[in-house]
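Structural description and commentary
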Amino acid sequence: LGKKNNTASSSNGNNNNDISSHINAVLQSDLSPIYPSLPKNATQKYYCKNVYDGDTLTLEDGTRVRLLGIDTPELREKQPFALEAKEYTKK
């Protein structure tokens with residue numbers, strides 16, 4: 001039993017390194033982790049006018065954008081760390 005647990009934990013450690021390495025590569029590539037490349041018509045830039053909270057922002061043209069796959073604390077519900085999430089999104 002002890003041997004199996006040791007083997008499992010060492011293989012999980014390698015798996016975590018592989019995942020971490022992959023995440024770092026994606027983050028440094030300026031590409032989306034979902035899309036292997038940007039769409040051909042993705043040449044237009046958009047500028048943010050306002051960050052409402054950690055996962056919602058407004059563009060200069062008034063379009064409201066919600067970030068998919070991101071779930072941050074809500075400001076209106078006064079959830080913990082909501083202000084920190086908003087400030088992080090502003091970066």
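Before reading on, note that the structure itself is shown above.
Take Asp 55: it is sitting in the loop between strand 1 (48-53) and strand 2 (56-59). For Asp 55, a relative accessible area of 0% puts it in the buried group. Asp 55 has contacts with Val 65, Arg 66, Leu 67, Ile 70, Asp 71, Thr 72, Glu 74 and Thr 89, leaving out every residue within four places of it along the chain.

On to the sheet that holds strand 2, then. As summarised here, the arrangement of the three strands in space is 1-2-3, forming an open sheet in which the pairing is antiparallel. The open sheet has two edge strands with one neighbour each: strand 1 and strand 3 (64-66). Between one strand axis and the next, the sheet turns by 25° as a mean value, whatever way the strands run. As defined by bridge partners, strand 2 adjoins strand 3 across three bridges and the pair is classed as antiparallel. When the bridges of strand 3 are listed, Thr 56 appears paired with Arg 66.

The next thing to look at is the pattern of salt bridges. In the structure shown here, the tally under the stated rule is two salt bridges. The closest approach of N and O atoms between Asp 55 and Arg 66, which form a salt bridge, is 3.3 Å. Of this pair, Asp 55 sits in the loop between strand 1 and strand 2 while Arg 66 sits in strand 3, and the two are 11 residues apart along the sequence. Note that Lys 90 is salt-bridged to Glu 87, the shortest N-O span being 3.5 Å. You can see Lys 90 and its partner Glu 87 sitting in helix 2 (residues 82-90), three residues apart, about one turn around the helix. Assessed through its relative accessible area of 45%, Glu 87 is described here as partly exposed.

Parameters at a glance
Residues numbered from 1 in each chain as written. Predicted model: local features only at pLDDT ≥ 70, side-chain atom pairs only at ≥ 80, totals over all residues. Heavy atoms only, no water. Helix = DSSP H or I, 4+ residues; strand = E, 2+ residues; numbered from the N terminus. Buried < 20%, exposed > 50% of the residue type's maximum accessible area, 1.4 Å probe, protein only. Contact = heavy atoms within 4.5 Å. Pairing = 2+ DSSP bridges. Axes fitted to C-alpha atoms, helices over the stretch in contact; angles between N-to-C directions. Salt bridge = Lys/Arg side-chain N within 4 Å of Asp/Glu carboxyl O.

These results come straight from atomic positions and should not be treated as a statement about function.
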